[in-house]
Each structure stands twice: as C-alpha cells, then as structure tokens.
Amino acid sequence: MYVAVKGGEAAIDNAHALLAHERRGPEEITEIAPDQIEHQLSLAVDRVMAEGSLYDPALAALAIKQARGDLIEAIFLVRAFRTTLPRFGHSDPLETAKMAIERRISATYKDLPGGQVLGPTFDYTHRLIDFMLAAGVAPPEPAEAEPERGAVPRVTDLLDGEQLIEAERAVDDAPVGDLTRAPLDFPADRDLRLQALARGDEGFLLALGYSTQRGYGRTHPFVGEIRFGEVMAEFVPEELGFAVPLGPVALTECQMVNQFHGNAEQPPQFTRGYGLVFGQSERKAMSMSLVDRALRTREFGEDVVAPAQDEEFVLSHCDNVQATGFVEHLKLPHYVDFQAELGLVRRMRAEHEAAREPLKEAAE
Amino acid sequence: MLDAASTGFADPVLDAQSHFRTLMDALARPGSIHAFRPRLTPPGGLPAELAAIALTLADHETAVWLDPGLAADPAVSAWLAFHAGTRITVDPGEADFALVTDIGAMPPLAAFAAGDDAYPDRSTTLLIAVDALSAGGDLVLSGPGIESERRLGIAPWPAALTEQLAANRTLFPRGVDLVFATSGAIAALPRTTRIREA
Amino acid sequence: MNAQAPAETGYNFAYLDEQTKRMIRRAILKAVAIPGYQVPFASREMPMPYGWGTGGVQVTAAVLGPNDVLKVIDQGSDDTTNAVSIRKFFAKTAGVETTTRTTEATVIQTRHRIPETPLTDGQILVYQVPIPEPLRFLEPRETETRKLHALADYGLMHVKLYEDIARHGHIATTYDYPVEVAGRYVMNPSPTPKFDNPKMHRSPALQLFGAGREKRIYAVPPYTDVVSLDFEDHPFEVQRFEKPCALCAATGVYLDEVVLDDRGGRMFVCSDSDFCASRRDAGHRGEMANAAQPAGQS
C-alpha cells in the first residue's frame, strides 16, 4: 500500500521491522552467525573489507549479515563505521616481497625463483555445480608442503635488474595523500588514484579494465605477478621512533607489466600497472592494475582517447557507495521539482500548439 | 505423415559427430572422396546420404529447400520435421540447406542465397545426390585445401554447372557451397575451389 | 573406447548438447568454406571463464569423436595448468584418449603456440582466440571493422605497420601478427609469437579458431596460403634466439626464458615441452641438461 505523505514515521518503523524479519528468514532455519560468514563466505568478507577500506574481517562479516548479503550495502555500513574511528597516522609501506605466500603466479615466466604457487584458487576448476556440497560432505584433506623460506623476489624486481622496466623509487618523505581526509583535486597524483581504485567498485573497474583489452585504451598487459598472502603491517609511533608490528594483513597484489614503445624522453621499456587489495581478490587487483596503467596515459605522452584513461571520469565514478547513493536517491520524493517541471511542460505544449495554429490554417 | 518404416539416426550423438567430421574433411579438402555410410532409413525418394547430412546439420534454426521431386512427397517433409524439427522453405534464396535429387533440373546456383559482403556466411549449402563420384575425373580443381591440383568426376554433370561454378567463384567471399553424395560416399566443392574441365 | 560420456558427469558426450554442437558445426563448415572470415556463432556459457579457452573448447567439443586422441597445450607445454584443466575436462566429459605426443594426436587444442613438430594431413589444430578481430586495436567498433572486411579495406593495418617502421625502423608487433589468408581476409593468428606464423602457411593440417567471448569461429583449410603482412623493403622476419635450447640443444625453435635466481641467472629452454622431451629421449643434450631441471608448478 502506498504510504500517505503524513504518518510516514510509523510506516518507516514498520518497514524496518519487516526488513529485520525478512533478514532472519523462517525461524525453523538455523540463524547464520557472523563467524560462519567470516570463515565460509570469506571472499565476500574480503570484498567488503577492500571496498569498505577497513581491515576487520569480523566487522565485515557482521555487516554482510546485517545487509542480508547485499555487498554494496555491507560496504556502506563498514565505510560509515570507519568514519567514526580515530586516526593515529599511517603505517610504514607494506613490504610485499616479505609476504607469507599462499599463492603466487607469474604469466610472464614459466618458472622463476620462489616458484609458481597455485594456492587456493577457482582457476582450472570446471564450473559444474557440486551437489555434494549441498549434502555437506567433508572435503578431502589438502596436500601440505613446507612454505618457501625467505623472501620471494617480485617479478618486476627481476625485470628491474635488467632495467627493462621503468624504475620505481621510494620517496621517503613525500606525504601520502588520503582522499578520505582531503577533497580530491584533478589532476590527482598516483597515490590518490591508487587509493581511489583500491576502494573502487570491483564491477566498475572490471568493466573498465576489460574495455582496455578490447581496444578502448589498449595497454598490452601481461600479468608479471599476482601474489596473495599475509604481510605484517608496521607502525612507527612518534614517541618510540621505531616500528612496532600491528598484525598481519592478508593482501592480493598484482603487478601488471605493459609494453611501452618509448618516446623522445624515455627509452622503450615495460611500464607498470599496480593493484593491491585487502584479502583475496585477483579480479579486483588485476582490474585495478589495468586501470592504474590506463590512467598513466598522459605520463607516457600518449593521447587520452578512452574512458579508462580519463582520470576525472574514472575517479569520479568508481566509488560504489557514492554511486549507489546517488542512483538510488532518485527514489526519494522529488515532487516539488516535478511540480515545477509539470508546469513547464504544460506551458511549452501550449506554446507549441499556438505556433502550429497559423500553419494549420495556411494548410487548409 | 510419417512413414512408419523410416528411422532416424541409430545413435544421434555419435552418428552426427562422425558424419560432421566427414563433411568437414570433405569441405576442407575439396574434391576428395570420403566414405559415408549412414545408419538410417529415410522415406520415399530421399537418399540416405542426403538424409543423414540433413539430420547432422539442420534443426529448428535452419530452413531447408526441397527440390520438386522431394517436395512432392509429404513423407519427406514429415520425416525432416520429426527428426530434425527443421523448417521447409519454398524459396531457395532463403534456404540454409537445399536438398537436390535431380541435378539436371536444379535451379541455377544464382537462385540460392550467396550471403552478402558483410556476412558471406548467410548462404545456402547445396546437398546434391548424384549417380557416381570418381577420383581422377574430368573436373580439375585447385584452391585452398588442395595441395596443387585434384581431379574429380561427378556423374551426371550438367554442362551449365561448370560455368555457374566459375561465376560462383567470382562472387567470393559470397557464394554457395556444394556437397555431392552418391551411395556410400561424399565429396564437396566449397566456394573457394577453382574448377576447369580437362 | 567408451562411446558415451562417463555416467557420473550427467552431461552429454563432450559436454555440449546436440543443438549447440549443430550450431557450432554449421559455423565451422562456413569458416572452412570462407578461409579467414570470422563466422559469428552463438557462443555458450562454458564451465570455464571467458578468456580461458571457451572458444577453443566449444570448437573441440563440436569436433571431437570417441576415436580421437586429444592433445592440449598452453604456451607450447602440455603441463601448464590451463592445458591440464582442459585436457581433464575432455577426458572426463568425452572419455577420449589424451596424449602429450604431437605425432599421436588427431586433435590438438592450443593457446599461444603451434607445435614445433610439423603437423600432418588429417590433424586438426584448434586455437583459443581472445581477440579474433585483427583491426580491433585500430578500430574498436564492430560496425566499422565489418565494413572494412566487406570492402577488403586493410589500409589501416598497413598504415599501423608502416608507422612502426617510421618510428622504430622495424615492425614492433611480436605476437598475434596479422596474416592474409588465401589472398582475401586479414586474420589474427591468435597470440602465437610471430615465430609460428610461417607454420600456418600451406600446413597440411586443418586449423580452426574459436573465440568464445567474442563469439567468432574462423578457419584455415589445409594447403592454404597464409602470408604475414609486410612491405617489400621491410620483409616479415621471425624471432631468432642466440643460443640453442639448454636442455635438448635444439636450434630454430621458440625458447622460454626461465629465471634461475635474482642475480640475473637465466636459461633458455624449448617452449614446446613434447618436442624437447622427444629430443632428449633421442639422446640430444643441451648445456644444462644435467643441471637442475626447472621445477614444475607446485
């Protein structure tokens, strides 16, 4: 039933009570617990942490439960929670070369130091519905092996040794931008672009990355490396002056290696596109690295001709909390504006009609 | 109505697969003769080889044209409808496949669909029953799929067909493709093949 | 050989339903009749992701019979993960015999390579194709590229290659190097290194190309001219390697660079793992044949 303009408050309370009821579902079905979501729907949890921009698996799991599995709604909840948190500073740069590797693959080399480690992956599974899962059959024990000892060098560092890839040098004292603390200016530096992409919507970045593969801003990409595992996050409290570990963070890192023919200033070499996200999400990390490289178009003296290369377009539209808010706001009452439009359309129709009268007479 | 004595494929999956492979080989190697022994019993005047090719390739997404002899026998249309679910058309210009049992009375090749420059694949494949196919006949073939030259004999061979095939070749990439079937064997002449008479 | 799919799969022989196979088979026959022309087909959702060989898998599924012997390679190798996955898929859904030997295979599905061992009459090579349209990176719109193919207007491609020469002194395309087929259509050979292009020319084998996501099938019949585009003053050239294979000492083959350490150590070995193994079985030894073998994937 449509709710009248007055008496809306009770209607809203009722709607939310109904939402809670629907969320719970039939009482005879066991209620899902956040720790089940955290450990059994962990990739959903990872996405909510990545796009929610907050590393807290238990909180993300709870948000997913509250959002009835609507991941963008859960991301929204996490973002809103993040806003309320005090900020103490920023961590030291994460040393992904020291990652405890769970998965590490390179498409550019058949084999390389540290090896190809497949880890837990859907890749090469046949997408046939497994009806045994419905029956709750216990999975076979996984094979176990000693993990690689020591640091596993990044593929881009191997290419760097031959100077075949653009050099990337750490700038120790440069301030790190944060678009959650200062409004975004255009053109935005790469740190801010990467932050926006890391928080950006997986589907949007996926589509943009895909468009570059189909000729709308081609970048000749190769997956130099994708790695997934835990990295220790470290923080230097000012009063101590040395780094203290905050705890391990699970991350997916993608180093995309792109062909570049060179220009007047730069020799032909490979260039980089970079992706880094919380949790295990190769789709997101790869899309991010494709779009990162596409957004570097101007830096390499190439023409901006495609959507994925257009920084303003990408950064202004990649945030799904912003996007869903504005798209869905069209559900809000707009009748005051609409009333004004009604008046305008009626007036224009009258004018149109009046303008046609003399023509009709002339025709008769 | 369906002829009670007629049958479709003994094994629809594997018969269709092996017939398709023979057809693909024949089109990929124009003029080469391939053994083709269908295990089915079509009705009336429909040769088993044409019937088997039709069941291999035609279905509800295709239109099949029947030559007047086949069109006159309702058992043929009923059999194709029952076993292939295919649509029968009276317009050779909109046929995906044309079944021909009388090569002498066949409409000119230009009457069939040749596709257009953007979509040359929207064309008719003619399936033609003949009395005999022989290696080393009068037709001298060259083009893709043929190492240098290959000779093929088709009987009967209407004189006008050599000229029509030459005209068909000049339309390339448009054009029709032809599959000839005799008892126990097939051979094909795709639109790419150049033909002269020795 | 078991004619039916193993019962536990619950799927038709070679996974696809018969209606889908007929549709693909019709497209393959048109592709064979119009060499190099990309025939649109109603590509299906497959149980592997787009970009991982769904086109090749659909073509193979439509072609494969119980008497076939299937080989699957990726990057030239039978033991790369995607090759293993696709080989297992057909072993499971079609029950066909599989092999790693190029000479034993009747159907070879490949991603990114053509075997070094020359193919023979009667063999079928099925390529997995990501971007079938050779003009796509010069003109992203399908409506435009279709017109250009209809008119055989390949000026854009020649301009692109010539710009490479003006800029670099040579053509800077190293893989998916465009070819002209049977004097008419310009075609993408799929991302094989251009090293493999000459193997396509007048090959006795039938070459079929499947692009699942882009919904195109195309073909090169046996003994068909396949010419890499070039210019009189800049003829087409293939990659050359300075050293022979470190394991089997083969020359004139495509080599993979294997990184041995992070101090610049490298070895070059055959990309075609079957070819390399066959040579080693025949007693050929490269300079590192007795050193540590490169590890497989863990």
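Residues numbered from 1 in each chain as written. Chains lettered and ligands numbered in written order. Predicted model: local features only at pLDDT ≥ 70, side-chain atom pairs only at ≥ 80, totals over all residues. Heavy atoms only, no water.

Looking at an unreviewed UniProt entry, one finds chain B named Alpha-D-ribose 1-methylphosphonate 5-triphosphate synthase subunit PhnH and attributed to Kaistia soli DSM 19436.

Chain A appears in an unreviewed UniProt entry as Alpha-D-ribose 1-methylphosphonate 5-triphosphate synthase subunit PhnI from Kaistia soli DSM 19436.

Here L23 of chain B shows up in helix 1 (residues 12-28). For L23 of chain B, a relative accessible area of 1% corresponds to the buried category. Sequence separation of L23 of chain B and V179 of chain B is 156 residues, and the distance between their C-alpha atoms is 8.2 Å. For L23 of chain B, the contacting residues outside a window of four places in its chain are I53, T56, L57, V179 and I186 of chain B together with L29 of chain C. (Helix = DSSP H or I, 4+ residues; strand = E, 2+ residues; numbered from the N terminus. Buried < 20%, exposed > 50% of the residue type's maximum accessible area, 1.4 Å probe, protein only. Contact = heavy atoms within 4.5 Å.)

The two faces of the sheet receive side chains in turn, since in a regular strand these alternate between them. Residue and element names in this part refer to chain B. Among the 5 residues that make up strand 5 (residues 125-129), 5 are buried, leaving the element largely enclosed by the rest of the structure. Covered by surrounding structure in strand 5 are T125, L127 and A129 together with L126 and I128, the residues of both alternating faces. Direction of pairing for strand 4 (residues 97-100) relative to strand 5: parallel, over a ladder of 4 bridges. Across the sheet, the residue bridging to A98 is L126, located in strand 5. Here 5 bridges tie strand 5 to strand 8 (residues 177-182), and the two strands are oriented parallel to one another. When the bridges of strand 8 are listed, T125 appears paired with D177. (Pairing = 2+ DSSP bridges.)

Bringing the packing of aromatic side chains into the picture now. Within a pair of aromatic rings, the relevant descriptors are the distance that separates the centres and the angle that separates the planes. Counting across every chain of the model gives 17 aromatic pairs over all chains. Look at W65 of chain B and F112 of chain B: their rings are 5.5 Å apart centre to centre, the planes differ by 85 degrees, and that puts the pair in the edge-to-face class. Taken together, the residues W65 of chain B in strand 2 (residues 63-66) and F112 of chain B in the loop between strand 4 and strand 5 connect sequence positions 47 residues apart. On the basis of relative accessible area, W65 of chain B is assigned to the buried category, the value being 7%. The class of F112 of chain B is buried, set by a relative accessible area of 4%. Following the ring pairs from residue to residue traces out a cluster consisting of Y11, Y15, F89 and F90 of chain C. A cation over a ring is seen here: R218 of chain A above F137 of chain C, with NZ or CZ 3.4 Å from the ring centre. Geometry around F172 of chain B places R169 of chain B over its ring, the cationic atom sitting 5.2 Å from the centre. (Phe/Tyr/Trp six-rings, centres within 6.5 Å; stacked < 30°, edge-to-face > 60°. Lys NZ or Arg CZ within 6 Å of the ring centre and 35° of its normal.)

Looking now at helix 1 (residues 18-33) of chain C. All names here are of chain C. Taking 1.5 Å of rise per residue, 16 residues should cover 22 Å, and helix 1 covers 22 Å from first to last C-alpha, within 8% of that figure. Counting buried residues in helix 1 gives 16 out of 16 residues, a clear majority hidden from the surface. The residue sitting at the N-terminus of helix 1 and contributing the capping side-chain oxygen is D17; that oxygen lies 3.2 Å from the backbone nitrogen of Q19. (Expected span 1.5 Å × (residues − 1). Polar contact = N/O pair within 3.5 Å; in protein donor to acceptor, adjacent residues only side chain to side chain.)

Attention shifts here to the interface of chain B and chain C. With 41 residues of chain B in contact, the opposing surface of chain C contributes 44 residues. Where chain B abuts chain C, roughly 3,300 Å² becomes buried across the two surfaces, and 62% of that area is made up of carbon and sulfur atoms. Our enumeration of links across chain B and chain C arrives at 5 salt bridges. The partner of R29 of chain B in a salt bridge is D121 of chain C, and the shortest N-O contact between them spans 2.9 Å. There are 19 residue pairs in polar contact (both at pLDDT 80 or more) connecting chain B and chain C. Looking at the side of chain B that touches chain C, the elements that each hand over two or more residues are helix 1 and helix 2 (48-57) of chain B. Element by element, the count of residues in the side of chain B that touches chain C is highest for helix 1 of chain B, at 11 residues. (Buried area = accessible area lost by both parts, 1.4 Å probe. Salt bridge = Lys/Arg side-chain N within 4 Å of Asp/Glu carboxyl O.)

On to the pattern of salt bridges, then. Residues and elements named next belong to chain A. Evaluated as defined, the whole model comprises 55 salt bridges over all chains. The salt bridge partner of R79 is D319, with a shortest N-O separation of 2.9 Å. In this pair, R79 sits in helix 5 (residues 71-83) while D319 sits in the loop between helix 11 (311-317) and helix 12 (320-328), placing the two residues 240 residues apart along the sequence. Ionic pairing is found between D123 and R103, a salt bridge with its closest N-O pair at 2.9 Å. Of this pair, D123 sits in the loop between strand 1 (100-105) and helix 6 (131-135) while R103 sits in strand 1, placing them 20 residues apart in sequence. Overall, D123 belongs to the buried group, its relative accessible area being 17%. On the basis of relative accessible area, R103 is assigned to the buried category, the value being 1%. Residues participating in the shared-partner salt-bridge network are E168, R190, R272 and D292.

Among 2 pairs of chains with at least one contact, chains B and C form the most extensive contact set. One finds no contact between chain A and chain B; the C-alpha atoms of the two approach each other to within 21 Å at their closest.

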